[in-house]
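Residue strings, one per chain:
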Number of protein chains: 2
Amino acid sequence: MTEAVSRPTLEAVAARAGVSRATVSRVVNGGDGVREPLAERVRRAVEELGYVPNQAARSLVTRRHDAVAVVIAEPESRVFADPFFALQLRGISKELTAHDNQLVLLLTEGRADHARVARYLAGGHVDGALVFSLHLDDPLPGLIRDAGVPTVFGGRPDWGDDPGAAVCGRAGEGPGHGVVYVDCDNRGGAHTAVRHLVGLGRRRVAHITGALDQTSAVDRLDGYRDVMADVWGEDDPRLVVESDFTPAGGERAMRELLGCCPDVDAVFAANDLTALGALRVLRESGRRVPEDVAVVGFDDMVPVAEQTDPPLTTVRQDIEEMGRLMARLLLRGLSDGRDRERTAADAPGGGVILPTTLIRRASA
Amino acid sequence: MTEAVSRPTLEAVAARAGVSRATVSRVVNGGDGVREPLAERVRRAVEELGYVPNQAARSLVTRRHDAVAVVIAEPESRVFADPFFALQLRGISKELTAHDNQLVLLLTEGRADHARVARYLAGGHVDGALVFSLHLDDPLPGLIRDAGVPTVFGGRPDWGDDPGAAVCGRAGEGPGHGVVYVDCDNRGGAHTAVRHLVGLGRRRVAHITGALDQTSAVDRLDGYRDVMADVWGEDDPRLVVESDFTPAGGERAMRELLGCCPDVDAVFAANDLTALGALRVLRESGRRVPEDVAVVGFDDMVPVAEQTDPPLTTVRQDIEEMGRLMARLLLRGLSDGRDRERTAADAPGGGVILPTTLIRRASA
């Protein structure tokens, strides 16, 4: 155990100066309201004892830590297995570092730990929070709201647009009130992907969904259905297989698709990792990509999308930029609110939607 | 920006009860020394205002956050690219969660941010820290020591065993005094690896080192030299190529080796990622593994080691267990020290060294 030689405390300074702890705290934090002879006595005691102000004490006064929490609503093992989070964290880290703010990543083993995360957030250790990968029915957004920490969400939370599915609410205000989030144009991106497949002359276009307790997956499915309805008036429900954004999930879904719809000639996968799994199964089953089955992903997660066999045509979203923008919006909100009392009523709220683009490679 | 309706403050409670902030704080934290009528007044004010104690305030008294920081002395991009850290974090996360402690991962863009990390640690936001991937000349260990946070290091820090290379010191006590660390038997593991290659009849056994500003790399190199000296009395310095624990570094080093020592018939790579790079270059240059060149790695980082071509023979260290043990030692130290004043003199210090084992696969 590394331990400093025990450091002089605020109490010790107060005792030496013969003043209250509150007075020491006020002086140490450059505060007003302390008469000069008293302040001088405190400063002398600080110097004599070599007192270094504890930031917990200082932050009681300044309420500023120059630290921002990042909460990913997934188990730690998932956070490190999915490069999506690494990319988003990269953008966040760059932006926070540029403003000399400490990135505080709060990891969990799962949803059971979310109450503890909320306690830490409520504990006054950070100035704000960036929260992503929210799932329906997760109490986290509500807990964070109750913690009273300024927050920017990554991905559209599930309240606001659909009041019936509100995750958290409070009497007298809508659940999504004052919520700021950053997302990409999931529905528009899905339109682009499916229109591209239709434009290639494909007639049996399937969709392997993401985890449907996340708005990104729901929006991409809606985008797929929009185009299918537009082109054929209706869609074959067997062509939609539910999955979970993982390679293993993509494999399972592709097997199911080949079983129920052997005439499938195109797949829009909800993300690149899902497409990776689908490509594996297509290869194993002897289907040529794109000749027999064209495949489009979503994310353009480099290097994954470049290194699939064949390289993946996909809908690009700028994941790193999303992270950077989340951090920027939070820091701006914090500095806007610095000199006034902030309340929910002040928060502008709303979403920032980033555009997507189709990146053509060999798979479609 | 999500904002709670502004919450009642400690100050508001103090004003309503007509007492000082310190008194409110003492009552809220179940503290003694407050007369009952006063305490009752405070409790009533707390109830009337719906005051939720701020943990920053509470922790000034209890000095306990149930949170542990993890600091990896590498840029954020490296942390997410090297599965070693993910494995170590997995062990740490499981252990901390089992004790309802929050894992607070402090990420940086590089060494320039280490002072900020130390400030955060000194700020009273965590009860202790787990620190790993230390490099020589990094001011971090000294800064952390000055922050006065109980710390367990992953990997032997560079002070203690070698006073000349002390990273941080303090008048009146040795630099490594009271330092607790967890490491694997790097030197012994290297012995096993090199003896295995010699036992296979290899005569030109090369070593691609890790980053030599880390003790793990130095210890593995020493282990290699021990065996070479033991077997041949001296070693050919051209057979040792310095590298950096990455696949790209392994590739560069292997090319250099093939250039200067085309008769090389075995390689002990400082870790599995380095071996991965070396295997790639050997394959490109038409050398068969293990027939022409036998290769042994270090770590047994699954799935990396299993999925190389051919599968990698390697020295296994239990990375996840190292993380778990670091967390366990820290939590134990914290609870031992809970009820008494801790000073540097109390800290037992010392290292816990975990054994290694050779895992034989196809590459050697």
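Structure: above.
This report concerns the structure included in the present document. The model shown is predicted, which means the values in this text are computed figures rather than measured ones.

A few words on the sheet that holds strand S7 (residues 240–241) of chain A. Residues and elements named next belong to chain A. Judged by pairing direction, the sheet is mixed, and its six strands sit side by side in the order S7-S6-S8-S9-S10-S12 without closing on themselves. The open sheet has two edge strands with one neighbour each: S7 and strand S12 (357–359). Inspection of the sheet shows strand S8 (residues 266–269) paired to strand S9 (residues 294–299) by three bridges, in the parallel sense. Residue pairing for S9: Val267 is matched across the bridge by Val295. On top of the sheet, helix H10 (residues 215–232) reaches strand S6 (205–208), S7, S8 and S9; it is set at about 170° to S6, its chief contact.

All right, on to the sheet that holds strand S11 (residues 350–354) of chain A then. The 12 strands lie next to each other as S11(A)-S5(A)-S4(A)-S3(A)-S1(A)-S2(A)-S2(B)-S1(B)-S3(B)-S4(B)-S5(B)-S11(B), forming an open sheet whose pairing is mixed. Each having just a single partner strand, S11 of chain A together with strand S11 (350–354) of chain B make up the two edges of the open sheet. If you compare each strand with its neighbour and ignore which way they point, the axes differ by 20° on average. In this structure, strand S5 (residues 180–184) of chain B lies alongside S11(B), joined through five bridges in parallel fashion. Within S11(B), the residue paired with Cys184(B) across the bridge is Leu354(B).

Turning next to the packing of aromatic side chains. All names here are of chain A. In this structure the tally under the stated criterion is seven aromatic pairs over all chains. A ring pair is formed by Phe268 and Phe298, whose centres lie 6.5 Å apart and whose planes are at 50°; its orientation type is tilted. Here the residue Phe268 occupies a position in strand S8, and Phe298 occupies one in strand S9, the gap between them amounting to 30 residues. Here Phe268 matches Phe298 in class, with each residue buried. What links up through ring pairs into an aromatic cluster is the set Phe84, Phe85 and Phe132.

With that out of the way, let us pick up unusual backbone geometry. All names here are of chain A. The omega angle of the peptide bond from Val302 to Pro303 is 5°, so this bond is cis rather than trans. Within the secondary structure, Pro303 is located in the loop between S9 and helix H13 (304–307). A positive phi is found at Phe245, a non-glycine position, where the angle reads about 75°. Along the chain, the position of Phe245 falls in the loop between S7 and helix H11 (247–260). Overall, the relative accessible area of 8% leaves Phe245 in the buried class.

One recurring pattern in soluble globular proteins: nonpolar side chains tend to sit buried together. Grouped together as the largest cluster of nonpolar side chains are 146 residues, with contacts concentrated most on Leu105(A), Met254(A), Leu105(B) and Met254(B). Contact partners of Leu105(B), with chain neighbours within four places excluded, come to Phe80(A), Leu103(A), Val104(A), Leu105(A), Leu107(A), Val70(B), Ile72(B) and Leu89(B). In this structure, Val117(A), Val117(B), Tyr120(B) and Val149(B) belong to the second largest nonpolar core, which totals 40 residues.

The rules behind these values
- Residues numbered from 1 in each chain as written.
- Chains lettered and ligands numbered in written order.
- Predicted model: local features only at pLDDT ≥ 70, side-chain atom pairs only at ≥ 80, totals over all residues.
- Heavy atoms only, no water.
- Pairing = 2+ DSSP bridges.
- Helix = DSSP H or I, 4+ residues; strand = E, 2+ residues; numbered from the N terminus.
- Contact = heavy atoms within 4.5 Å.
- Axes fitted to C-alpha atoms, helices over the stretch in contact; angles between N-to-C directions.
- Phe/Tyr/Trp six-rings, centres within 6.5 Å; stacked < 30°, edge-to-face > 60°.
- Buried < 20%, exposed > 50% of the residue type's maximum accessible area, 1.4 Å probe, protein only.
- Core = buried A, V, L, I, M, F, W, Y, C linked by side-chain atoms within 4.5 Å.

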